[in-house]
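Residue-level structural notes
As a plain string of letters, each chain reads:
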Amino acid sequence: VEDCPPTFRGDAEERWPFKDAEFDIVIIGEVLEHLIRDSEALLEAKRVLSADGLLIVTVPYLHDSVEYHVRVHTPPTIRRLLETTGFKVHDCLERPAIMSWRWVNWINQAVGLGVHLLTGRNVYPYLNQACGAIEWRLGHWRWIPRRWLCMLGLANWGGTIAARPIDRTL
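Residues numbered from 1 in each chain as written. Predicted model: local features only at pLDDT ≥ 70, side-chain atom pairs only at ≥ 80, totals over all residues. Heavy atoms only, no water.

Points about the overall build of the protein chain
If you tally the helices and strands in the protein chain, you get 5 helices and 4 strands. By sequence separation, contacts in the protein chain at least 24 residues apart represent 77% of the contacts at least 6 residues apart. (Helix = DSSP H or I, 4+ residues; strand = E, 2+ residues; numbered from the N terminus. Contact = heavy atoms within 4.5 Å.)

If you want it as structure tokens, here you go:
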């Protein structure tokens, strides 16, 4: 992507090839549930973050039905993991994952295709952005029974957590 800064991909459980305090933000998206040594990855994230840096983590909650998930997270367990590795949770968004519902995607596809055929415009990014905005609002409502929806297979419940390093000595 032209306007995307350089990125690096590697083994999250090994030492990262970056200097201490090199980054203002580290994003670990849908990774921690796959790691045996998840705390080591978080300690590396902390090491490469600046003192006022921000860590963004996303994880699924209560999802162990696939063999490649070696960790099962809940809102309290991911918070404890972050705190024990020297982070303070700044914000937590529980995602209702309406985009995982097939019928929502079918509607998005149908509307996007219809508008494209009629006008030649691509509105699919705007439809996804609207769904994201809805999820953002729903994700802060605590009354939604996400755990039940997840157990029934109706939602892919998870969280997006923002945390900051609190102790640079770990």
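Now that the structure has been shown, we can carry on.
What to know about helix α1 (residues 38–48)
Counting buried positions along α1 yields 8 of 11 residues, so the element is predominantly enclosed. Buried within α1 we find Asp38, Ala41, Leu42, Glu44, Ala45, Lys46, Arg47 and Val48. Its buried side turned inward, α1 meets β1 (23–29), β2 (49–60), α2 (75–84), β3 (87–95) and β4 (158–165). (Buried < 20%, exposed > 50% of the residue type's maximum accessible area, 1.4 Å probe, protein only.)

With respect to the nonpolar core
In terms of nonpolar packing, the biggest core is built from 24 residues, with Ile28, Leu32, Leu42, Leu55 and Leu82 touching the most fellow members. Listing elements by their share of this core, those giving two or more residues are β1, α1, β2, α2, β3 and β4. For leucine 32, the contacting residues outside a window of four places in its chain are Asp38, Leu42, Val57, Val59, Arg71, His73, Ile78 and Leu81. (Core = buried A, V, L, I, M, F, W, Y, C linked by side-chain atoms within 4.5 Å.)

Remarks on the sheet that holds β4
In spatial order, the strands read β1-β2-β4-β3; together these 4 strands make up an open sheet with mixed pairing. Two strands close off the open sheet at either side, each with one partner strand: β1 and β3. Each adjacent strand pair in this sheet contributes to an overall mean axis angle of 15°, direction not counted. Strands β1, β2, β3 and β4 of the sheet are contacted by α1, whose axis makes an angle of about 150° with β2. Seen against the sheet, α2 touches β2, β3 and β4 and runs at an angle of roughly 155° to β3. (Pairing = 2+ DSSP bridges. Axes fitted to C-alpha atoms, helices over the stretch in contact; angles between N-to-C directions.)

Here we look at the side chain of arginine 47
With respect to the secondary-structure elements, arginine 47 resides in helix α1. Arginine 47 sits in the buried class, given a relative accessible area of 13%. For arginine 47, the side chain forms a polar contact with the side chain of aspartate 20, separated by 2.8 Å. (Polar contact = N/O pair within 3.5 Å; in protein donor to acceptor, adjacent residues only side chain to side chain.)

Overview of α2
Listed as buried for α2 are Pro75, Ile78, Leu81 and Leu82. Angularly, the buried residues of α2 cover 135° about the axis, an arc narrow enough to put them on a single face. Contacts from the buried residues of α2 go to α1, β2, β3 and β4. Glycine 86, located one to two residues past α2, shows a positive phi value of around 90°. (Arc of directions from axis to C-beta.)

Digging into the pattern of salt bridges
Counted under the stated rule, the structure contains 6 salt bridges. Among the salt bridges present, the one from arginine 47 reaches aspartate 20, with a minimum N-O distance of 2.8 Å. Of this pair, arginine 47 sits in helix α1 while aspartate 20 sits in the segment before β1, and the two are 27 residues apart along the sequence. A salt bridge links glutamate 40 to arginine 37, with the nearest nitrogen and oxygen atoms 3.1 Å apart. Note on glutamate 40: relative accessible area 36%, which makes it partly exposed. One network of salt bridges, in which partners are shared, links Arg15, Asp20, Glu44 and Arg47. (Salt bridge = Lys/Arg side-chain N within 4 Å of Asp/Glu carboxyl O.)

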